[in-house]
Amino acid sequence: MQYLEVHGHKVPALGLGTWQLRGAACRDSVEEALDLGYRHIDTAQMYGNEDVIGEVLQRAGVDRAELFLTTKLDNRNHAAQAVIRSTERGLSDLRTEYVDLLLIHWPTDYHIVDETLDAMMQLCDDGKVRHIGVSNFSTEQFREAAEQAPIFTNQIEYHPLRNQDALVEAARMRGAMLTAYSPLARGRVTREPALVEIAAAHGKTAAQVSLRWLLQQEMVSAIPKARGRAHLQANMAIFDFELSDEECQRIRSIAG
Ligand code: NAP
């Protein structure tokens with residue numbers, strides 16, 4: 001595993017995304033992922049799976065200090081009281097004393113973002129949240145938020161089919177990481193000819209090349225969602241090869 005250092009905290013660069021994983025499917029994926037060595041899990045209040053993840057974590061008995069657990073506020077929970085209450089409920093479902101990272105999922109109700117961030121900071125002061133961040137924020141919204149609070153990440157859609165240079169740079173300038181969501185473009189990267197060709201040269205798949213390309217970038221982490229041991233294992237098997245500068249440039253040019 002590769003780690004990023006963000007605000008003095010070690011973060012596993014590769015995590016497991018859990019959007020659309022519920023019930024038994026969620027339980028099986030998270031169990032398999034922990035067994036394979038994943039230690040970074042991404043959930044959200046809107047995913048409706050915090051309780052299942054909590055059950056798995058409790059049963060798995062993984063050292064809490066090794067885990068990096070992220071959750072996100074539901075769009076309806078941006079007022080101060082709702083931030084506090086919904087996060088406390090989430091902690092109870094996740095069966096943990098704290099989450100490593102709490103994000104504003106979407107910049108809805110942006111006019112009260114100061115209030116939302118203040119309440120999130122309150123949770124940090126209370127030891128219930130280690131770090132706070134944002135998701136789907138534009139460069140301007142990210143800059144404004146980072147002026148008010150120590151923003152740890154901006155979680156955005158990022159993969160070889162989508163140029164996000166401006167957002168990546170904005171995060172780095174503030175010492176934040178950029179968390180790439182949908183890093184496989186929900187499976188579309190597997191059909192991109194340039195990725196397939198580069199992958200063949202390394203004996204890897206287009207999905208693995210996409211993840212490797214993201215993680216070779218400074219301060220970028222990725223959270224692919226996968227169901228089933230084969231995909232979970234494949235997504236972890238990206239630390240034994242390296243893309244050349246030319247290959248990275250070629251991948252970068254796909255999105256234009
Ligand atoms: P994704 O990770 O880009 O793609 C998931 C798809 O790729 C699934 O169909 C999966 O199939 C397939 N896949 C996984 N590993 C593969 C492999 N090695 N080879 C081929 N196909 C593979 O899409 P995503 O679920 O949209 O994004 C990932 C995570 O990002 C989410 O789960 C969520 O945690 C987060 N996210 C956040 C936001 C936000 O607003 N902050 C929005 C979207 C997503 P199987 O399931 O069959 O393995």
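Per-chain numbering applies: the sequence of each chain, read as written, is numbered from 1 onward. Thresholds applied to this predicted model are a pLDDT of at least 70 for local features of residues and 80 or more for the giving and counting of side-chain atom pairs; totals over whole chains, interfaces and linings are not thresholded and use all residues. Side-chain measures were taken over the full set of non-hydrogen atoms in the model, leaving aside hydrogen atoms and water.

> Sorry, what's going on with the side chain of Asn-136 here?
Helix and strand definitions here come from DSSP, where helices need a minimum of 4 consecutive H or I residues and strands a minimum of 2 consecutive E residues; each element is numbered from the N-terminal end. By the secondary structure assignment, Asn-136 is in the loop between β7 (129–135) and α5 (139–148). According to the relative accessible area criterion, Asn-136 is buried, its value standing at 16%. One polar contact links Asn-136 to Tyr-181, side chain to side chain, over a distance of 2.6 Å. Residue exposure (1.4 Å probe, protein chains only): buried if accessible area is under 20% of the type maximum, exposed if over 50%, otherwise partly exposed. For this analysis, a polar contact is any N or O atom pair within 3.5 Å, provided that within protein one partner can donate a hydrogen and the other can accept it, and provided that sequence-adjacent residues contribute only side-chain to side-chain pairs.

> Can you walk me through the site of the ligand in this structure?
We define proximity as follows: a residue is near a molecule or strand when any one of its heavy atoms falls within 4 Å of that partner. Taken together, 28 residues lie near the ligand, and Asp-42, Ser-182, Lys-225, His-231 and Asn-235 sit nearest. Within the side chain of Gln-155, a nitrogen or oxygen atom sits 3.0 Å from a nitrogen atom of the ligand. In the environment of the ligand, an oxygen atom lies 2.8 Å from a nitrogen or oxygen atom belonging to the side chain of Ser-182. Burial of the ligand by the protein chains amounts to 86% of its free accessible area of 910 Å². Tallying contributions element by element places helix α9 (residues 229–236) first for the shell around the ligand, with 3 residues. Of the residues contributing to the shell around the ligand, the split by class is 12 nonpolar, 11 polar and 5 charged. Per-residue and other accessible areas follow the Shrake-Rupley method at a 1.4 Å probe size, with only the shown protein chains counted as cover for residues. In the scheme used here, Gly and all other residues not listed as nonpolar or charged are polar, with Ala, Val, Leu, Ile, Met, Phe, Trp, Tyr, Cys and Pro taken as nonpolar and Asp, Glu, Lys and Arg as charged.

> What's the story with the side chain of Ser-29 in this structure? I'm lost.
The topology assignment puts Ser-29 in helix α1 (residues 23–36). Residue Ser-29 is classed as buried on the basis of its relative accessible area of 1%. Here the side chain of Ser-29 touches Ala-226 through a polar contact of 3.2 Å, landing on its backbone oxygen. Between two residues, a contact is recorded if the distance between any of their heavy atoms is within 4.5 Å. Look past the residues within four positions of Ser-29 in its chain and what remains in contact with it is Leu-16, Leu-21, Ala-226, Arg-227, Gly-228 and Leu-232.

> Would you take a moment to explain α1 for this structure?
Residues three or four positions apart in an α-helix share a direction because the helix packs 3.6 residues into each turn. One fewer than the residue count of a helix, multiplied by 1.5 Å, yields its expected span. Its 14 residues place the ends of α1 20 Å apart at the C-alpha level, agreeing with the 20 Å of an ideal helix rising 1.5 Å per residue. Listed in full, the buried residues belonging to α1 are Ala-25, Cys-26, Ser-29, Val-30, Ala-33, Leu-34 and Leu-36. For α1, the angular spread of the buried residues around the axis is 160°, confining them to a single face. On its buried side, α1 packs onto β3 (16–17), β4 (40–42), α2 (50–60) and α9. Backbone geometry just downstream of α1 places Gly-37 in the positive-phi region, at approximately 105°. Each direction from the helix axis to a C-beta atom contributes to the arc, which is the arc of those directions.

> Could you clarify how one ought to interpret the nonpolar core in this entry?
Grouped burial of nonpolar side chains is what soluble globular proteins tend to show. In terms of nonpolar packing, the biggest core is built from 81 residues, with Leu-117 and Tyr-158 touching the most fellow members. In terms of residue count, helix α8 (residues 206–215) provides more of this core than any other element does, 7 residues in total. Those residues in contact with Leu-117 that sit more than four places away from it in its chain are Ile-104, Ile-132, Ala-145, Gln-148, Ala-149 and Ile-151. To define a nonpolar core, start from buried Ala, Val, Leu, Ile, Met, Phe, Trp, Tyr and Cys residues and group those joined through side-chain atoms within 4.5 Å.

> Got a minute to help me understand the sheet that holds β4 in this structure?
Think of a sheet as strands paired side by side through backbone hydrogen bonds, with each pair either parallel or antiparallel. Across the sheet, 8 strands lie side by side as β3-β4-β5-β6-β7-β8-β9-β10; this open sheet has parallel pairing. Each end of this open sheet is capped by a strand with a single partner; those strands are β3 and β10 (220–222). Sheet topology note: the strand β5 (residues 68–73)/strand β6 (residues 99–104) ladder contains 4 bridges and is parallel. Bridge assignment links Leu-73 to a residue of β6, and that residue is Ile-104. Inter-axis angles, ranging from 0 to 180 degrees, are taken between N-to-C directions of lines fitted to C-alpha atoms, where helices are fitted over the stretch in contact. Lying over the sheet, helix α4 (residues 113–125) contacts β5, β6, β7 and β8 (151–157), oriented at roughly 155° with respect to β7. In the packing of α5 onto the sheet, the strands contacted are β7 and β8, and the crossing angle to β8 comes to about 165°. Here, any two strands with at least 2 DSSP bridges between them count as paired.

> What am I meant to see in the packing of helix α7 (residues 193–202) against α8 here?
In a pair of packed helices, the angle between the axes and the distance between the axes together describe the arrangement. Contact pair α7 / α8: the axes reach a minimum separation of 8 Å and the direction vectors enclose 90°. Taken together, the axes of α7 and α8 lie roughly perpendicular to each other. Packed against α7, whose contacting residues are Leu-195, Val-196, Ile-198 and Ala-199, the element α8 presents Ala-206, Val-209 and Ser-210 at the interface. The class makeup of the residues in the contact of α7 with α8 is 6 nonpolar, 1 polar and no charged. For classification purposes, angles smaller than 35 degrees are called roughly parallel, those larger than 145 roughly antiparallel, those between 65 and 115 roughly perpendicular, and all remaining angles oblique.

> Hey, could you run me through the packing of aromatic side chains in this one?
Note on aromatic pairs: each is described by the distance of the centres and the angle between the planes. We call Phe, Tyr and Trp rings a pair once their centres come within 6.5 Å, taking the six-membered ring for Trp, and we label the pair stacked below 30 degrees between planes, edge-to-face above 60, and tilted otherwise. Applying the stated rule across the entire model yields 3 aromatic pairs. Their ring planes at 20° and their centres at 6.0 Å tell us that Phe-68 and Phe-152 sit as a pair that is stacked. Of this pair, Phe-68 sits in strand β5 while Phe-152 sits in strand β8, and the two are 84 residues apart along the sequence. For the residue pair Phe-68 and Phe-152, the accessibility class agrees, reading buried in each case. Lysine and arginine charges are scored as sitting over a ring when NZ or CZ, respectively, is within 6 Å of the ring centre and within 35 degrees of the ring normal. Geometry around Tyr-98 places Arg-130 over its ring, the cationic atom sitting 3.8 Å from the centre. The ring of Phe-241 has Arg-212 lying over it, and the distance from NZ or CZ to the ring centre is 5.9 Å.

> When you look at helix α10 (residues 245–252) in this model, what are you seeing that I'm missing?
Those residues of α10 that sit buried are Glu-247, Cys-248 and Ile-251. Taken end-on, α10 shows its buried residues confined to a sector of 100°, consistent with a single buried face. Along α10, exposed side chains directed more than 90 degrees from the buried face belong to Asp-245, Glu-246 and Gln-249. In this fold, the buried residues of α10 make contact with α7 and α8.

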